[in-house]
Amino acid sequence: QVELVESGGGLVQPGGSLRLSCAASESRFTIYTMGWYRQAPGKERELVAAVTLDGKTNHADSVKGRFTISRDNAKNTVFLQMDSLRPEDTAVYYCNAEVGGVYGLGSTTRHWGQGTQVTVSS
């Protein structure tokens, strides 16, 4: 099984920055797309940003120009640099990874982290 361990959440004032990290525990398998989702109270979980194995990135319109996703393939780790944070960015942020080979050749499965709280408030 693949475990995703997140870190870096917390409380920050509007305009501040945070950097989230998510490390996959298992290095035997190929980790394809990695991404960050968030879920605010009373709202559905939404995609924030994603990065493919070869480094192609996709950011939600609401965070473009403020958030940057990146990954370190050697360490099976994905990062989310969040700048110019706003109160509406407050949510639980979840790491997600598409992993190949857990259930045999050709299989792909999606795995989730436990979530980390980000609160933007003065």
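Treat the numbers as computed from the prediction; the structure is a model and nothing was measured.

Rules behind the numbers
Residues numbered from 1 in each chain as written. Predicted model: local features only at pLDDT ≥ 70, side-chain atom pairs only at ≥ 80, totals over all residues. Heavy atoms only, no water. Phe/Tyr/Trp six-rings, centres within 6.5 Å; stacked < 30°, edge-to-face > 60°. Helix = DSSP H or I, 4+ residues; strand = E, 2+ residues; numbered from the N terminus. Buried < 20%, exposed > 50% of the residue type's maximum accessible area, 1.4 Å probe, protein only. Lys NZ or Arg CZ within 6 Å of the ring centre and 35° of its normal. Contact = heavy atoms within 4.5 Å.

### Concerning the packing of aromatic side chains
Move 1: Going through the model one piece at a time under the given rule, you end up with one aromatic pair.
Move 2: Ring centres of Tyr37 and Trp112 lie 5.0 Å apart, and the angle between their planes is 65°; on these two criteria the pair is classed as edge-to-face. Of this pair, Tyr37 sits in strand 4 (residues 30–39) while Trp112 sits in strand 10 (residues 108–112), and the two are 75 residues apart along the sequence.
Move 3: On the basis of relative accessibility, which here comes to 18%, the residue Tyr37 falls in the buried class.
Move 4: Under the relative-accessibility criterion, Trp112 is labelled partly exposed at 35%.
Move 5: Positioned above the aromatic ring of Phe79 is the side chain of Arg19, whose terminal nitrogen or guanidinium carbon lies 4.4 Å from the ring centre.
Move 6: In this arrangement the basic side chain of Arg45 is found over the ring face of Trp112, its NZ or CZ atom lying 4.7 Å from the centre.

### As for the environment of Tyr32
Move 1: Here Tyr32 shows up in strand 4.
Move 2: The exposure class of Tyr32 is partly exposed, given its relative accessible area of 34%.
Move 3: Excluding residues within four positions of it along the chain, Tyr32 makes contact with Val51, Thr52, Leu53, Arg71, Glu98, Val99, Gly100 and Thr108.

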